[in-house]
Amino acid sequence: QQANHVVATIENLPPEGGGGGRSGGSSLSAPSSASLSVRQRIRKVFNRELLLSIALGQVLSLLICGISLTSKYLSDDFHANTPVFQSFLNYILLFLVYTTTLAVRQGEENLLAILKRRWWKYMILGIIDIEANYLVVKAYQYTTFTSVQLLDCFVIPVVILLSWFFLLVRYKAVHFIGIVVCILGMGCMAGADVLVGRQQGGGENKLIGDLLVLGGATLYGISNVCEEYIVRNLSRVEFLGMIGLFGSFFSGIQLAIMEHKELLKVPWDWQIGLLYVGFSACMFGLYSFMPVVIKKTSATAVNLSLLTADLYSLFCGFFLFYYKFSGLYLLSFFTILVGLVLYSSTSTYIAQDPRVYKQFRNPSGPVVDLPAAGQLEPSVTYTSLGQETEEEPHVRVA
């Protein structure tokens, strides 16, 4: 504003010595306009939507940090190795809150109406979600903590490929640059773990553990992409209600078969009960809040944001478990944040009109007349993070 005031004042001065006043005014206005353009570009990148999206992703990372801390206390201090039971508690909470909400609704959004149309799809999705959680937790018994951290990043290319082929999301060069920067940040954290000797876990069957992580990451990717489609085209309550219904049913069966003996060995007292309550609260918050963030951003953006979750757990571990500190952890944290900003600075777009999707669409719903195949144009109305810039105008389908 001060620069504009100076330029306006100089331009309004009477000319002295012929064209001297004009040349002086133009020489001062050029750099001020350049500085304004830089400010405008910075404001476009670091806009309110971008900062809000990154902040929401970090809230999810903090919830995962709470899940990790309570799980560590349960397994290390109380020898309660019950991952299936812990997931079962979360699915029961989802059932009590969201499935019952669907049960009391009327019309096409009622629980029975949803089950009649697409019960088998949600059943498969529920099993995928259960086994994704189980495989990653089980992998800690066979491989190192660092291997789990690195191989768990496999969920990112899985989400990108599935979004590309099934959601028709198209990315730009800056998105891939941001993704690479985020993964480099994870590599920096893994290197810090090696330097400080933080190589927990790891048995004789390290290959089995690595394969379990890759399998769990693949299932996570499938679950996240399905979740993105459902919350964008149907509703968040429907997704969580169906996950609560089938998740509690199948995890209950898995608990009875695989973990009932471990559950009997747990030395129950008020401390263990409080840890289970804390774990369930964080897990329930994560499942309830993640669809909100995915709808606002995308499955890819959420998984990039979750890369900082291990760092939050490390920062807490410095005070609670006396982990060794390394400056590479801070470098890793800021590298991941830089990658998030790069990814968030530009919006993705859909390759064609999203109305052609019919996988989960209600067949009894209103029929929309689609334009002829030759008239379909690319649409850029689908944003992953942040708002569309002025250089990228919206293109609507005729």
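Since the model is a prediction, treat every value here as computed from it, not as a measurement.

Caption draft 1: A look at the overall build of the chain. Within the chain, the secondary structure is distributed over 15 helices and two strands. The buried share of the chain, taken over its 398 residues, is 45%. Within the chain, contacts between residues at least 6 apart in sequence are counted, and of these 86% link residues at least 24 apart. Summing over all exposed atoms, the chain offers an accessible surface of approximately 20100 Å²; the carbon and sulfur share of this is 66%.

Caption draft 2: Just the packing of aromatic side chains, in detail. The final tally for this structure, using the stated rule, is ten aromatic pairs. When the centroid spacing of 6.0 Å and the interplanar angle of 70° are considered together, the rings of F315 and F333 count as edge-to-face. With a gap of 18 residues between them, F315 in helix α14 (residues 309–320) and F333 in helix α15 (residues 327–344) connect regions that are remote in the sequence. Residue F333 is classed as buried on the basis of its relative accessible area of 13%. Chaining the aromatic ring pairs together yields one cluster made of Y312, F315, F333 and F334. Here R170 stacks its cationic end above the ring of W164, 4.1 Å away from the centre of that ring.

Caption draft 3: Seen up close, the packing of helix α3 (residues 48–77) against helix α12 (residues 270–296). As a packed pair, α3 and α12 sit with axes 9 Å apart at the nearest point and diverge in direction by 155°. Comparing the axis directions of α3 and α12 gives the class roughly antiparallel. Where α3 crosses over α12, the handedness of that crossing is left-handed. Within the contact of α3 with α12, the residues separate by chemical class into 19 nonpolar, seven polar and two charged.

Caption draft 4: Here's a closer look at unusual backbone geometry. Located in the positive-phi region is H79, a residue other than glycine, with phi close to 55°. The exposure class of H79 is exposed, given its relative accessible area of 60%. For L168, which is not glycine, the phi torsion reads 60° and is therefore positive. Looking at the secondary structure, you find L168 in the loop between α7 (155–166) and β1 (169–170).

Caption draft 5: Structural context of the nonpolar core. In this structure, L304, L307, L311 and Y329 are the most contacted members of the largest nonpolar core, which totals 71 residues. Membership of the second largest hydrophobic core comes to eleven residues, among which are F78, A80, I272 and L275.

Caption draft 6: Spatial organisation of the environment of I124. Here I124 shows up in helix α5 (residues 111–139). Given a relative accessible area of 41%, I124 falls into the partly exposed group.

Caption draft 7: Broad picture of the pattern of salt bridges. All chains considered together, the criterion is met by five salt bridges. We note a salt bridge from R105 to E109, for which the minimum N-O separation is 3.4 Å. A residue is classified by how much of its surface remains accessible, and R105, at 25% relative accessible area, is partly exposed. In this structure, R117 engages E108 in a salt bridge whose closest nitrogen and oxygen atoms are separated by 2.7 Å. We classify R117 as partly exposed; its relative accessible area is 22%.

Caption draft 8: Representation of the packing of α5 against helix α10 (residues 236–258) in the model. Two numbers describe how α5 lies on α10: the axes approach to 7 Å, and their chain directions differ by 50°. By the criterion of interaxial angle, the relationship of α5 to α10 is oblique. Relative to α10, the crossing made by α5 is right-handed. When its residues are assigned to classes, the contact of α5 with α10 shows 17 nonpolar, four polar and four charged.

Caption draft 9: Quick peek at the side chain of S313. Inspection of the secondary structure puts S313 in helix α14. Judged by its relative accessible area of 12%, S313 falls in the buried class. Apart from the residues lying within four places of it in its own chain, the contact partners of S313 are C65 and S68.

Caption draft 10: Region of the structure containing the environment of F315. Distance in space between the C-alpha atoms of F315 and L330 is 9.5 Å, their sequence separation being 15 residues. When residues no more than four places from it in sequence are discounted, the contact partners of F315 are Y329, L330 and F333.

Caption draft 11: Spotlight on the confidence of the model for the chain. Summary statistics for the chain give a mean pLDDT of 78 and a share of 75% for residues scoring 70 or more. Below pLDDT 50 for its whole length, residues 1–30 participates in ten contacts with residues either more than four positions away or in separate chains. Below a pLDDT of 50 lies the segment residues 356–398, which in the model reaches 98 contacts outside its immediate sequence neighbourhood of four places, other chains included.

Rules of the game
- Residues numbered from 1 in each chain as written.
- Predicted model: local features only at pLDDT ≥ 70, side-chain atom pairs only at ≥ 80, totals over all residues.
- Heavy atoms only, no water.
- Helix = DSSP H or I, 4+ residues; strand = E, 2+ residues; numbered from the N terminus.
- Buried < 20%, exposed > 50% of the residue type's maximum accessible area, 1.4 Å probe, protein only.
- Contact = heavy atoms within 4.5 Å.
- Areas by Shrake-Rupley, 256 points an atom, 1.4 Å probe, with all protein chains shown as cover.
- Phe/Tyr/Trp six-rings, centres within 6.5 Å; stacked < 30°, edge-to-face > 60°.
- Lys NZ or Arg CZ within 6 Å of the ring centre and 35° of its normal.
- Axes fitted to C-alpha atoms, helices over the stretch in contact; angles between N-to-C directions.
- Parallel < 35°, antiparallel > 145°, perpendicular 65-115°, else oblique.
- Left-handed = near helix turned anticlockwise from the far one by under 90°.
- Nonpolar A, V, L, I, M, F, W, Y, C, P; charged D, E, K, R; others polar.
- Core = buried A, V, L, I, M, F, W, Y, C linked by side-chain atoms within 4.5 Å.
- Salt bridge = Lys/Arg side-chain N within 4 Å of Asp/Glu carboxyl O.
- pLDDT = per-residue confidence, 0-100.

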